[in-house]
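Structural features, examined
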Amino acid sequence: MEIDKIDEFVRKKGFFWQSSEIYGGLAGFYDYGNNGTLLKRKFENVWRKYFLGLNENFVEIEPSNIMHKNVFAASGHLNNFVDPVAKCSKCGTQHRADHILEDFLKENFEGLTIEELKELIKKYNIKCPNCKGEFKEFYVLNMMFSINIGEKDKNAFMRPETAQGAFTNFMRQYNILRNRLPMGLAIIGKVFRNEISPRNLITRTREFTQAELQIFFDFEEIENISSWDEIKDYKIILNENKKNIEITCNNLVSNMKIPKFYVYYMSKIQKFYLDILKIPKEKFRFRKLSNEEKAFYNKIHFDIELDLLSLGGFKEVGGIHYRTDYDLKNHEKLSGKSQKVFLSDKKKKIIPHVIELSFGVDRNIYSLIEIFHKKDGERIFLNLPSPIVPFEIAVFPLVNKSGLDIEARKIFENLSGKFDAVFDHSGSIGKMYYREDERGTLYCITIDYGTKETGKVTLRDRNTKKQIFVKIEFLESILRNLLDGKIKFEEIGKIIK
Ligand SMILES: [Zn+2]
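Computed from a predicted model, the values in this text were never measured in an experiment.

**Describing the environment of Arg323**
Assignment of secondary structure puts Arg323 in strand β16 (residues 313-324). The sequence separation of Arg323 and Lys294 amounts to 29 residues, and the corresponding C-alpha distance is 11 Å. The residues contacting Arg323, other than those within four sequence positions of it, are Glu161, Ala163, Gln164, Phe167, Gln214, Tyr297, Asn298, Val354 and Glu356. A distance of 2.7 Å separates a polar atom in the side chain of Arg323 from a polar atom in the side chain of Glu356.

**Considerations on the sheet that holds strand β7 (residues 135-142)**
Sheet architecture is open: three strands sit in the order β6-β5-β7, paired in antiparallel fashion. Taken across any chain shown, the strands that pair with only one partner, and hence form the sheet edges, are β6 (94-96) and β7. Taking each pair of neighbouring strands and ignoring which way they run, the sheet shows an average axis angle of 35°. Of the pairings in the sheet, the one linking strand β5 (residues 82-88) to β6 comprises three bridges and is antiparallel in character. Within β6, the residue paired with Ala86 across the bridge is His95. Where helix α5 (residues 97-105) meets the sheet, it contacts β5, β6 and β7, and its direction lies at approximately 65° from that of β6. Packing of helix α6 (residues 114-123) onto the sheet brings it into contact with β5 and β7, and relative to β7 it is tilted by some 155°.

**Details of the packing of aromatic side chains**
Under the defined criterion, the tally for this structure stands at 30 aromatic pairs. Between Phe261 and Tyr265, the aromatic rings sit 5.4 Å apart at their centres with planes inclined by 65°, giving edge-to-face as the arrangement. Taken together, the residues span about one helical turn, with Phe261 and Tyr265 both in helix α11 (residues 260-276) at a distance of four residues. Grouping residues by exposure puts Phe261 and Tyr265 together as buried. Sitting over the ring of Tyr234, Lys271 keeps its end group 4.7 Å from the ring centre. Taking NZ or CZ as reference, Arg285 lies 4.0 Å from the ring centre of Phe314, over its face.

**A look at empty space enclosed by the protein**
A probe matching the size of a water molecule, rolled over the atoms, marks out where space remains unfilled. Across all of its chains, the model carries one cavity of 30 Å³ or more by this definition. Tyr30, Tyr32, Lys40, Lys190, Ile202, Thr205, Glu207, Phe208 and Asp362 together form the lining of the largest cavity.

**Considerations on the coordination of the zinc ion**
Distances from the zinc ion to its protein donors, Cys88 (SG), Cys91 (SG), Cys128 (SG) and Cys131 (SG), fall at 2.2 to 2.3 Å. Coordination at the zinc ion is tetrahedral, judged from the four donor atoms that bind it and the angles of 99 to 114° they form at the metal. All donor residues of the zinc ion come from one chain, and their arrangement in sequence is C-x2-C-x36-C-x2-C. Of this pair, Cys88 sits in strand β5 while Cys131 sits in the loop between α6 and β7, and the two are 43 residues apart along the sequence.

**Considering helix α14 (residues 404-416)**
With 13 residues, α14 should reach 18 Å at 1.5 Å per residue; the first-to-last C-alpha distance of 18 Å fits that figure. Of all the positions in α14, only Leu404, Glu407, Ala408, Ile411, Phe412 and Leu415 are classed as buried. End-on, the buried residues of α14 take up no more than an arc of 135°, which puts them together on one face. Away from its buried face by more than 90 degrees, α14 exposes Ile406, Lys410 and Glu413. Residues of α14 that are buried make contact with β22 (393-397), β23 (421-423), β24 (443-447), α16 (451-454), β25 (456-461) and α17 (472-483).

**Here's the deal with helix α1 (residues 3-12)**
Those residues of α1 not exposed but buried are Ile6, Phe9 and Val10. Burial along α1 is one-sided: seen end-on, the buried residues are contained in an arc of 90°. Relative to its buried face, α1 has exposed residues pointing more than 90 degrees away, namely Asp4 and Lys12. One or two residues past the end of α1 sits Gly14, with phi positive at roughly 85°.

**Notes on the nonpolar core**
In this structure, Tyr273, Phe286, Ile320, Leu357, Ile445 and Leu459 are the most contacted members of the largest nonpolar core, which totals 96 residues. Here the element with the most residues in this core is α11; it accounts for 10 residues. Built from parts of two domains, this core gets at least three residues from each of domain 1 (3-78 + 151-372) and domain 3 (391-491). Sequence-distant contacts of Phe286, that is, excluding residues within four places in its chain, are made with Ile236, Ile237, Leu238, Asn239, Met266, Ile269, Gln270, Phe302, Asp303, Ile304 and Ile320. Counting 18 residues, the second-largest nonpolar core is a separate cluster that includes Phe170, Met171, Leu185 and Ile351.

**Considerations on the sheet that holds strand β13 (residues 243-248)**
Spatially, the nine strands line up as an open sheet ordered β3-β10-β11-β19-β16-β15-β14-β12-β13, and their pairing is mixed. Only two strands of the sheet have a single neighbouring strand rather than two, namely β3 (58-60) and β13. Here the strands of the sheet are splayed against their neighbours by 30° on average, with no regard to which way each runs. As paired strands, strand β10 (residues 183-192) and strand β11 (residues 207-217) are joined by 10 bridges and run antiparallel to one another. Along β11, the bridge assignment pairs Val191 with Phe208. Packed onto the sheet, helix α2 (residues 34-52) meets β3, β10, β11 and β19 (353-360) and runs at close to 5° relative to β11.

**A word on the layout of surface pockets**
By volume, the second largest pocket is sized at about 420 Å³. Along the walls of the second largest pocket sit 22 residues, with Leu181, Pro182, Phe217, Asp218 and Glu221 positioned nearest its centre. The set of elements that each furnish at least two residues to the lining of the second largest pocket consists of α11 and β17 (341-343). Residue composition of the lining of the second largest pocket, by class: 11 nonpolar, six polar and five charged.

Conventions used here
Residues numbered from 1 in each chain as written. Predicted model: local features only at pLDDT ≥ 70, side-chain atom pairs only at ≥ 80, totals over all residues. Heavy atoms only, no water. Helix = DSSP H or I, 4+ residues; strand = E, 2+ residues; numbered from the N terminus. Contact = heavy atoms within 4.5 Å. Polar contact = N/O pair within 3.5 Å; in protein donor to acceptor, adjacent residues only side chain to side chain. Pairing = 2+ DSSP bridges. Axes fitted to C-alpha atoms, helices over the stretch in contact; angles between N-to-C directions. Phe/Tyr/Trp six-rings, centres within 6.5 Å; stacked < 30°, edge-to-face > 60°. Buried < 20%, exposed > 50% of the residue type's maximum accessible area, 1.4 Å probe, protein only. Lys NZ or Arg CZ within 6 Å of the ring centre and 35° of its normal. 1 Å grid on protein atoms, 1.4 Å probe; cavity = no way out; pocket = protein on both sides within 12 Å on 5 of 7 lines; lining within 4 Å. Points joined across faces, edges and corners; volume = space filled by probe spheres on them. Donors = N, O, S within 2.8 Å, 3.2 Å for Na, K, Ca; no water. Tetrahedral: all angles 85-135°; square planar, octahedral: opposite > 155°, others 65-115°. Expected span 1.5 Å × (residues − 1). Arc of directions from axis to C-beta. Core = buried A, V, L, I, M, F, W, Y, C linked by side-chain atoms within 4.5 Å. Domains from an automatic or database assignment. Nonpolar A, V, L, I, M, F, W, Y, C, P; charged D, E, K, R; others polar.

Bear in mind that shape data such as this cannot, by itself, settle questions of function.
So this is what it looks like as structure tokens:
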């Protein structure tokens, strides 16, 4: 689907649109509507449950969005977190130098130095896409938003990644959790980056949500995973030499020399996408970043990529980063507070190493909408998997009279505490069905003229539009079994012709 079509769909159907719209909009900022907010919350909850469930010593914390300048002096963001800019000499607009090249040559140029980018732009004689003017000025801009606290205290920044909140709280949390490694600190929250050229709806914005898990571990244990046997033959999907291949976890370790600790979490991430989010296998892959592409502090960096037709192919939606002891070491140096822990069983003091599992929540939401957007003639339905649908069920009366509405509301009230349910009575039955299809509601329940006599309602399946009569007294258990995947829709009863 084209990006314009997605834009129209998500705006009209209550998912997301540009912020401050009534004043002409603010580039790079987005508001989520009612359906988008529900979908995002569901994604975050599923993420939380899955990744915190990997280890009883993984917990969630919520650090503040604004942090001390020194946090980013230590992390390197103050000096190194920059965008390469090419400025048009005619119209004066600033462009991301690597994006200018990417649009022209259809290749990824992220990570090149400003000098290298300048050279290439000159070599291919690329002109300003706005006015065909020449690019003459090339420089870098820091991407952090600085802010004033009170009147003039400038020692603060909006955080450009959630990760630093995990590092600055490491020692306190280590003590609170009774000094055990590995320890995981998860953060789901907003981050802020002053992008030169925000674009592609919510996939590159100036304010976005990250879901990250920092896993602190003893470097000496990097090849020692107790449950390795569980995943050793599991096949990881990898982009190698511009082809997608499948390679077992064992072979990733022996052939590509990736540590077991790292590969273990790659397998968990892949299972999250394929088994929980139900992303088709051919649309998922990991891609190893080259030395030029990856951040200088990452020793190993694979991106998580999904195939997005609207954006021209596989795009990054997250990553798994071996940050070593880079962050804690630098915080120790600048703060003067020791980040060393004593491992009593090994009688040694170490600064833990860190593997970071990082996800762009908004990019994932965009991907889910694109990948699961299906057309069935004129009908559009979001084929979302049940754990992330905004609503599991919808209840409505066939018509809004003859007591059907009262009966329908009674059934809704009985189910609404047990399921994510919505009630509607605002139009023809066909329109109500379509509205639910468009936001992915799994099952619609309709109360009609016969309900009072037969005690039956109509249950309709989102994907197939098939309908079956169900007795009200069995409705709850049938829905529970359907949602848990214990029965198939066709097994409930006779399909209504
Ligand atoms: Zn221009």
